[in-house]
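# Topology and contacts: notes
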Amino acid sequence: TLGKLWVKDVAGGALRRLTSEGEALELWPAWSRDGKALAWVQWTDAGLGRIMVGDAQGRNARAVTQQPGHYAVPQFSPDGRTLVFEKRSGGYLTSPEQSENTGVYRVAASGGVPVLVSRGNSDPQFGADNDRLFMLGRNGGKLQLLSSDLNGEARRVHAEGELANDFRVSPDGRHLAFRQNYEVFAMPMLPG
């Protein structure tokens with residue numbers, strides 16, 4: 001993001017800014033699967049962060065979180081109706097304010113009150129289904145790929161690795177990729 005949202009056509013051409021926001025940083029952009037909407041975190045040191053959603057050209061931006069916080073990695077559900085994101089704690093280089101109740105949350109893409117899905121997990125992502133959320137967690141020093149419903153119930157462990165440092169689910173939910181020892185691997189995602 002380089003602190004602002006920029007796009008460039010894959011065929012070439014000039015970079016162009018998507019938004020006209022002044023001083024705020026724009027971080028962790030995520031496209032909806034249909035390419036019609038974009039979510040990102042808008043951050044200022046004084047006002048902290050908020051999750052923003054706009055159209056594909058960065059116009060008509062609106063905050064979907066009303067309370068400031070240390071938000072990160074927003075992701076759209078496949079149908080584009082729900083956003084999931086992390087609420088992190090601050091401190092050290094950032095303000096410690098609004099650091100309570102960390103975890104993975106969901107909120108309607110149109111805005112509303114965020115709902116806690118899970119504490120202690122990170123990197124929320126969707127596969128093919130709107131009602132199943134994948135997250136990263138840890139157990140005994142091993143990184144896990146977990147999933148739950150949107151209320152944090154019906155939890156499952158799908159993969160675990162002692163040396164793995166990331167898991168990503170494919171958009172169709174049929175494969176997962178993981179990084180380990182500076183290499184990337186892909187494998188089928190078994191149901192259940």
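Basis of the calculations
- Residues numbered from 1 in each chain as written.
- Predicted model: local features only at pLDDT ≥ 70, side-chain atom pairs only at ≥ 80, totals over all residues.
- Heavy atoms only, no water.
- Pairing = 2+ DSSP bridges.
- Helix = DSSP H or I, 4+ residues; strand = E, 2+ residues; numbered from the N terminus.
- Axes fitted to C-alpha atoms, helices over the stretch in contact; angles between N-to-C directions.
- Phe/Tyr/Trp six-rings, centres within 6.5 Å; stacked < 30°, edge-to-face > 60°.
- Buried < 20%, exposed > 50% of the residue type's maximum accessible area, 1.4 Å probe, protein only.
- Polar contact = N/O pair within 3.5 Å; in protein donor to acceptor, adjacent residues only side chain to side chain.
- Contact = heavy atoms within 4.5 Å.

### Here's the deal with the sheet that holds strand S16 (residues 175-180)
Pairing is antiparallel in the open sheet, where 3 strands are placed in the order S15-S16-S17. On the outer flanks of this sheet lie strand S15 (164-169) and strand S17 (183-188), each paired with one strand and no other. Averaged over all adjacent pairs, the angle separating strand axes in this sheet is 20°, with direction ignored. Here S16 runs beside S17; their pairing, made up of 6 bridges, is antiparallel.

### Let's talk about the packing of aromatic side chains
Taken as a whole and judged by the stated rule, the model has 4 aromatic pairs. Seen in terms of ring centroids, Tyr-71 and Phe-85 are 5.3 Å apart; in terms of plane orientation they differ by 90°. Their pairing is edge-to-face. With a gap of 14 residues between them, Tyr-71 in strand S7 (residues 70-76) and Phe-85 in strand S8 (residues 82-88) connect regions that are remote in the sequence. For the ring pair Phe-85 and Tyr-105, a centre distance of 6.0 Å and an interplane angle of 15° mean the geometry is stacked. Of this pair, Phe-85 sits in strand S8 while Tyr-105 sits in strand S9 (residues 103-108), placing them 20 residues apart in sequence. Taken individually, Phe-85 and Tyr-105 each receive the classification buried, so the pair is uniform in this respect. An aromatic cluster is built from Tyr-71, Phe-85 and Tyr-105, whose rings are joined through pairwise contacts.

### Description of the sheet that holds strand S14 (residues 156-161)
Strand order in the open sheet formed by 4 strands is S11-S12-S13-S14, with antiparallel pairing between adjacent strands. Single-partner strands in this sheet number two, and they are strand S11 (122-126) and S14. The average undirected angle you get between the axes of adjacent strands in this sheet is 30°. Bridge count between strand S13 (residues 142-148) and S14: 5 bridges; the pairing is antiparallel. Residue pairing for S14: Leu-145 is matched across the bridge by Ala-159.

### So, the side chain of Asp-55
The topology assignment puts Asp-55 in strand S5 (residues 48-55). Within the structure, Asp-55 has its side chain in polar contact with the backbone nitrogen of Gln-57 (distance 2.9 Å). Each residue touching Asp-55, except ones within four places of it in the same chain, is listed here: Lys-36, Ala-37, Leu-38 and Asn-60.

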